[in-house]
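Residue strings, one per chain:
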Amino acid sequence: MSTIQETTAETQAATVDAPPKKAMGLGRTASWVMLIILLALPLFVRNFVIFQMTMLLIYGIAVLALNILTGGSGQFSLGQSAFYAIGAYTAAILIEHGGVNYVLTLPAAGIVCFIVGFLFGLPALRLSGIYLALATFALAVAMPQLLKLGVIEHWTGGVQGLVVTKPDAPFGLPVSQDMWLYYFTLVVSLAIYLASVNLLRSRSGRAMMAIRDNEIAASAMGIDLSIYKTLAFGVSAGITGVAGALGAIAVQFVAPDSYTFQLAIALFLGMVVGGVGWLPGSLAGAAFIVFVPNIAEGISKGLSGAFFGVLLFVVIYLVPHGARQGAIYAETLFNKLRRS
Amino acid sequence: MELFINQVLAGIATGAIYACMALAIVMIFQAIDHLNFAQGEMAMFATFIAWQLMQWGVPYWWAFLLTLIISFAGGVIIERVLFKPLAKAPVLTNVAGFIALFAIINSVAGLIWDFTIKQFPTPFGSSPFLGSQLISTHQAGMIGVTLALLIALFMFFRFTRIGLAMRAAAAMPESARLVGINTGWMVALGWGMASAIGAIAGILIAPVVFLEPNMMGGVLIYGFAAAVLGGLTSPLGSVLGGFLVGIFENLVGTYVPGVGNELKLPIALALIVIVLVVKPTGLMGHTVVKRV
């Protein structure tokens, strides 16, 4: 019933706090160490663990996409699962009905999702904050139902979904399917990661970040708000679509109920845990959403949800700014050690 | 026409559920400026407490009252213990906290009371209301309670000292502190009240949707939609939004061909998004003016 409310902007924190510019990427040494670990680890573990690592990379890409949207342009989305689903279905349909090579389905999924995301971004322009969250949420809720529609059942396989054949390693390379897929995913992830870091450092990226920090100031500086906001939506959706396509190939199966709202929540949690606006954190966030539910299940079957919640609380208490905070802490510690 | 009126009536009946939930959501939004994703689970847990009390032989209204007190205290404790330390953390971290709370409550309730569906009694009876087949006395009672709650809240915020203090604390925390309002406790009080209203909603809904740990999933989504549709800054709007969403959903299910139960929710949500695009602050909400 409060009719008059005045909110002073000075006292209110922005939706997303601006990370220092340098913090968008990872230091050189750390990057190389990370890369070597990712390259070498599959040689020493079982096939199932390789599969899990593939999923880790795939979720990492999807979290990164959300990070570009939220950390980059300050918009909030609970609908990433919808774009992930569209990407997955694009790949599955192209492979199964069109006989297209799986490598080619990735750009196709990316383009389809970019267009869908861009179009969805248009009405979303009028919404912000919690209202945008609801609109994207509606998309996430609607997607599984839309995929089940009878009209497109011939293509989507309806409730049953589609089975996707797993690709073999090319040129007769002596590696297992899982391992080939892992390295394939790793190459795609690296390409996307580098492209994203460069995007955020480019003119467009700076424009997006200006919008995130202060819309009015940004438009006063001559930044076209609608173009960059919808563009952020499109890019984010496109990358999520590529992740979805990879996911479909790795899991070898797409079905409407794999892409429910829970997936969108998981991606969101991954972003928060990894640190909003810090791209390398996406991998840490993905690790959280891939492994922590398993750990929680391991502690207690009946209370797995409770343990998941408790672990999540522990993480956000210790590092409210996500893995970024941990990384900064580690960096200062490292520097101190080197100096002494 | 007969069909139309009947469907609208049925829509109002289900709308009352959403309205109740939306009211609780708006309450807490007023106090803390966040949407509490765990609201539905808190309400579910409170409903289970009421059920447990009745299993132990406590009469309905005593159980009702006790549950309200327990959930009020529970809401205050959750704020003090879990969310006060996060007050300075980024907004998205808070949202993650709500999701964590959701998972914890859902899982604990499942462990204590397991996932079998339980009957929940109603004090209003379930015979047809005024001879109408579509609205039972329970649903009529539910609408009555929602409206009474709305009026009570209106009175509270307009005429009582503490209600005014809460509004002041939410609107201008700095100035409120300067005139001697303990803003920290006002937030806790907001949590407590929202939790108690949620408990009322849960107890009213339980006879319709039956009691189980996941009973609030669908209701919460509609409640959010209703709250956003009506405008998050207006309790009256949220109740209106609740009824509108209920009617929407029923009419879409009846008149649009090929819409089964599955598609009702997406279509209702799509309509809400359209409303929001036309009127971004919701039907009854007011624009929050920000100084830059």
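One numbering rule holds for all chains: residues counted from 1, following each sequence as written. All chains are assigned letters beginning with A, and all ligands numbers beginning with 1, in the order in which they are written. In view of the model being predicted, local features appear only for residues whose pLDDT reaches at least 70, and side-chain atom pairs are presented and counted only at 80 or more, with totals across whole chains, interfaces and linings using the full set of residues. The basis for every side-chain value is the complete set of non-hydrogen atoms in the structure, without hydrogens or water.

1. Side note on the overall build of chain A
Stage number 1. Scanning chain A for helices and strands turns up 14 helices and three strands.
Stage number 2. All radius of gyration figures rest on C-alpha atoms, and the globule criterion is 2.2 Å times the number of residues raised to 0.38. Over its C-alpha trace chain A gives a radius of gyration of 20 Å, about what one expects of a compact globule, namely 20 Å for 340 residues.
Stage number 3. Overall, the C-alpha framework of chain A stretches about 60 × 60 × 45 Å when taken along its three principal axes.
Stage number 4. The buried share of chain A, taken over its 340 residues, is 51%.
Stage number 5. Relative to all contacts within chain A whose residues are 6 or more apart in sequence, the contacts with residues 24 or more apart total 80%.
Stage number 6. Only the protein chains shown count as cover for residues, with accessible areas throughout obtained via the Shrake-Rupley method and a probe of 1.4 Å. For chain A, the computed accessible surface area is about 15100 Å², with 68% contributed by carbon and sulfur atoms.
Stage number 7. Only four residue types enter the charge count: Lys and Arg as positive, Asp and Glu as negative, with His and the chain ends excluded. The atom standing in for a charge is NZ when the residue is Lys, CZ when it is Arg, CG when it is Asp and CD when it is Glu. Distance between charge centres in chain A, computed from 17 positive and 13 negative side chains, equals 12 Å. Secondary structure follows DSSP: runs of H or I at least 4 residues long count as helices, runs of E at least 2 residues long count as strands, and numbering of each begins at the N terminus. A simple rule labels every residue: compare its accessible area, found with a 1.4 Å probe on the protein chains alone, to the largest value its type can have, and call it buried under 20%, exposed over 50%, or partly exposed in between. Throughout, a residue-residue contact means that at least one pair of heavy atoms, one from each residue, lies within 4.5 Å.

2. Let's talk about the overall build of chain B
Stage number 1. The number of helices and strands found in chain B is 11 helices and three strands.
Stage number 2. Start at the N end of chain B and walk to the C end: the helices and strands fall as α-α-α-α-β-β-α-α-α-α-α-α-α-β.
Stage number 3. Taking 292 residues into account, the globule formula puts the C-alpha radius of gyration at 19 Å, and chain B, at 19 Å, falls close to it.
Stage number 4. If one aligns the C-alpha atoms of chain B with their principal axes, the spans along those axes are about 60 × 50 × 35 Å.
Stage number 5. Split into buried and exposed, the 292 residues of chain B put 58% on the buried side.
Stage number 6. Sequence-distant contacts, at least 24 apart, represent 73% of the contacts inside chain B between residues at least 6 apart.
Stage number 7. Within the structure as shown, chain B displays about 12200 Å² of accessible surface, and the carbon and sulfur contribution to it stands at 71%.

3. Remarks on the side chain of Thr93 of chain B
Stage number 1. The residue Thr93 of chain B is located in helix 4 (residues 91–113) in this model.
Stage number 2. The class of Thr93 of chain B is buried, set by a relative accessible area of 2%.
Stage number 3. Those residues in contact with Thr93 of chain B that sit more than four places away from it in its chain are Val272, Ile316 and Pro320 of chain A together with Leu86 of chain B.

4. Considerations on the packing of aromatic side chains
Each pair of aromatic rings is reported with the distance of its centres and the angle of its planes.
Stage number 1. Put simply, two rings from Phe, Tyr or Trp (the six-membered ring, in Trp's case) pair if the centres are within 6.5 Å, and we call them stacked under 30 degrees between planes, edge-to-face over 60, tilted for the rest. In this structure the tally under the stated criterion is 25 aromatic pairs over all chains.
Stage number 2. When the centroid spacing of 6.4 Å and the interplanar angle of 70° are considered together, the rings of Tyr89 of chain A and Tyr259 of chain A count as edge-to-face. Placement of the pair is Tyr89 of chain A in helix 3 (residues 80–96) and Tyr259 of chain A in the loop between strand 3 (253–254) and helix 11 (261–274), with a sequence separation of 170 residues. Of the two residues, Tyr89 of chain A and Tyr259 of chain A, neither departs from the other in class, the shared state being buried.
Stage number 3. Centre to centre, the rings of Phe83 of chain B and Trp191 of chain B are 5.1 Å apart; their planes meet at 20°, and the pair counts as stacked. Placement of the pair is Phe83 of chain B in helix 3 (residues 60–83) and Trp191 of chain B in helix 8 (residues 183–209), with a sequence separation of 108 residues. Just as Phe83 of chain B is buried, Trp191 of chain B falls in that class too.

5. What to know about the interface of chain B and chain A
Stage number 1. Each partner contributes residues to the interface: chain B has 58 residues there, and chain A has 52 residues.
Stage number 2. The quantity reported as buried area is the accessible area (1.4 Å probe) lost by two parts once they are put together, taken as the sum for both. Overall, the association of chain B and chain A removes approximately 4700 Å² of surface from exposure, summing both partners, and the carbon and sulfur fraction of that is 73%.
Stage number 3. By convention in these notes, a salt bridge is any Lys or Arg side-chain nitrogen within 4 Å of a carboxyl oxygen on Asp or Glu. The tally of links between chain B and chain A comes to zero salt bridges.
Stage number 4. A 3.5 Å cut-off defines polar contacts: any pair of N or O atoms within that distance qualifies, except that in protein one atom must be a possible hydrogen donor and the other a possible acceptor, and neighbouring residues in sequence count only when both atoms are side-chain atoms. Here chain B is connected to chain A by two residue pairs in polar contact (both at pLDDT 80 or more).
Stage number 5. For the side of chain B that touches chain A, the secondary structure elements donating two or more residues are helix 3, helix 4, helix 5 (137–159), helix 6 (161–171), helix 9 (216–230), helix 11 (261–278) and strand 3 (289–291) of chain B.
Stage number 6. A total of 14 residues in the side of chain B that touches chain A trace back to one element, the largest contributor, which is helix 4 of chain B.
Stage number 7. Under the convention adopted here, Pro, Cys and the residues Ala, Val, Leu, Ile, Met, Phe, Trp and Tyr are nonpolar, Asp, Glu, Lys and Arg are charged, and Gly plus all remaining residues are polar. Partitioning the side of chain B that touches chain A into residue classes produces 44 nonpolar, seven polar and seven charged.

6. Thoughts on the pattern of salt bridges
When charged atoms on two side chains of opposite charge get close, those side chains can pair.
Stage number 1. For the structure on display, the rule yields five salt bridges over all chains.
Stage number 2. Across the salt bridge formed by Lys229 of chain A and Glu215 of chain A, the nearest N and O atoms sit 2.9 Å from each other. Of this pair, Lys229 of chain A sits in helix 10 (residues 225–251) while Glu215 of chain A sits in helix 9 (residues 215–220), placing them 14 residues apart in sequence.
Stage number 3. Here Glu215 of chain A falls in the partly exposed class, since its relative accessible area comes to 34%.
Stage number 4. A salt bridge links Glu79 of chain B to Arg80 of chain B, with the nearest nitrogen and oxygen atoms 3.1 Å apart.
Stage number 5. Judged by its relative accessible area of 6%, Glu79 of chain B is buried.
Stage number 6. On the basis of relative accessible area, Arg80 of chain B is assigned to the partly exposed category, the value being 23%.

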